[in-house]
Amino acid sequence: ISYWLLLVENFLLNYKMKKKNIVGKVILVAVLFLVVAQIVHTLGAMATMGYYMLEQYFPVWSSVMMPDGGAPGGMFYLLSAVFNLITGLIFALVFLAVEKGLKQKNSLKKGLLFGFLVFCVASIPGALSMVLLLNLPAMLIFVWTLEALIIYLVMGMVSGKLLS
């Protein structure tokens, strides 16, 4: 872990010479990613709640998500927030790493393209794998994939605006 932290620190320090307050902006993108993801996932869960209540799928859910077969506990929300923050940090750092390769002149379009590319390389293969490996309703997997598309497009635009 210390190697990766040094790598990220070195990357940000080198990048900071080119852009003012980049560390603060990366942290802001990560926090905004957390907020957007929590909102989108909560709305998605509300829309698909019927699937979560079907007993045949209870064994699929983790004990963190559904302790005792009930609603998620506080630990689920805490871990969800931490994981979204980490994902947001990675999202922002990868944006900075590939930004120069995105040829759009408009920062919002650049971010939109980035979000779509992340969706294509992360969410689509992940959804296809879930269809093959997990006994879950296809519609639920589709909704999760749609949630990811919304999060990545929104946060791509935010990253483009704040980090370009």
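Residues numbered from 1 in each chain as written. Predicted model: local features only at pLDDT ≥ 70, side-chain atom pairs only at ≥ 80, totals over all residues. Heavy atoms only, no water.

Colleague: Could you clarify how one ought to interpret the packing of aromatic side chains in this entry?
Modeller: What describes a pair of aromatic rings is the distance from one ring centre to the other and the angle between the planes of the rings. Tallied over the entire structure, the rule returns nine aromatic pairs. Centroid distance phenylalanine 33 to phenylalanine 91: 5.5 Å. Interplanar angle 45°. Geometry classified as tilted. On the criterion of sequence distance, the pair formed by phenylalanine 33 in helix H2 (residues 22-47) and phenylalanine 91 in helix H4 (residues 74-98) is long-range, its members being 58 residues apart. (Phe/Tyr/Trp six-rings, centres within 6.5 Å; stacked < 30°, edge-to-face > 60°. Helix = DSSP H or I, 4+ residues; strand = E, 2+ residues; numbered from the N terminus.)

Colleague: What is the right way to read the nonpolar core from this model?
Modeller: The nonpolar side chains of a soluble globular protein tend to be buried, and buried together. Residues Val26, Phe33, Phe91, Ile151, Tyr152, Met155 and Leu163 are the most contacted members of the largest nonpolar core, which totals 21 residues. Elements supplying a minimum of two residues to this core: H2, H4, helix H5 (107-133) and helix H6 (138-163). The dominant element in this core, judged by the number of residues it contributes, is H2, at seven residues. Apart from the residues lying within four places of it in its own chain, the contact partners of methionine 155 are Val29, Leu32, Phe33, Val36 and Phe91. In terms of nonpolar packing, the next biggest core, distinct from the first, is built from nine residues, Tyr52, Tyr57, Ala127 and Leu136 among them. (Core = buried A, V, L, I, M, F, W, Y, C linked by side-chain atoms within 4.5 Å. Buried < 20%, exposed > 50% of the residue type's maximum accessible area, 1.4 Å probe, protein only. Contact = heavy atoms within 4.5 Å.)

Colleague: Mind showing me how you'd approach the packing of H2 against H4 here?
Modeller: What describes two packed helices is the angle between their axes and the distance between those same axes. Closest axis-to-axis distance for the H2/H4 pair is 7 Å, and the angle between their directions is 135°. In terms of orientation, H2 and H4 fall into the oblique class. Considering the relative orientation of H2 and H4, their crossing is right-handed. Contacts between H2 and H4 involve Ile22, Val26, Val29, Ala30, Val31, Phe33, Leu34, Ala37 and Gln38 from the former and Tyr77, Ser80, Ala81, Asn84, Leu85, Thr87, Gly88, Leu89, Phe91, Ala92, Leu93 and Leu96 from the latter. Grouping the constituent residues of the contact of H2 with H4 by class yields 16 nonpolar, five polar and no charged. (Axes fitted to C-alpha atoms, helices over the stretch in contact; angles between N-to-C directions. Parallel < 35°, antiparallel > 145°, perpendicular 65-115°, else oblique. Left-handed = near helix turned anticlockwise from the far one by under 90°. Nonpolar A, V, L, I, M, F, W, Y, C, P; charged D, E, K, R; others polar.)

Colleague: Where do I start with the environment of alanine 148 in this structure?
Modeller: Relative to the elements of secondary structure, alanine 148 occurs in helix H6. The buried category is assigned to alanine 148, whose relative accessible area is 12%. Spatially, the C-alpha atoms of alanine 148 and phenylalanine 116 are 9.9 Å apart, while their sequence positions differ by 32 residues. When sequence neighbours within four positions are dropped, the list of residues in contact with alanine 148 reads Phe119 and Ser123.

Colleague: Could you clarify how one ought to interpret the packing of H4 against H6 in this entry?
Modeller: Where H4 meets H6, the closest approach of the two axes is 10 Å, and the angle between their N-to-C directions is 55°. By the criterion of interaxial angle, the relationship of H4 to H6 is oblique. In this structure, H4 meets H6 at a crossing whose hand is right-handed. In contact with Phe91, Ala92, Phe95 and Leu96 of H4, H6 contributes Tyr152, Met155, Gly156, Ser159, Gly160 and Leu163. Within the contact of H4 with H6, the residues separate by chemical class into seven nonpolar, three polar and no charged.

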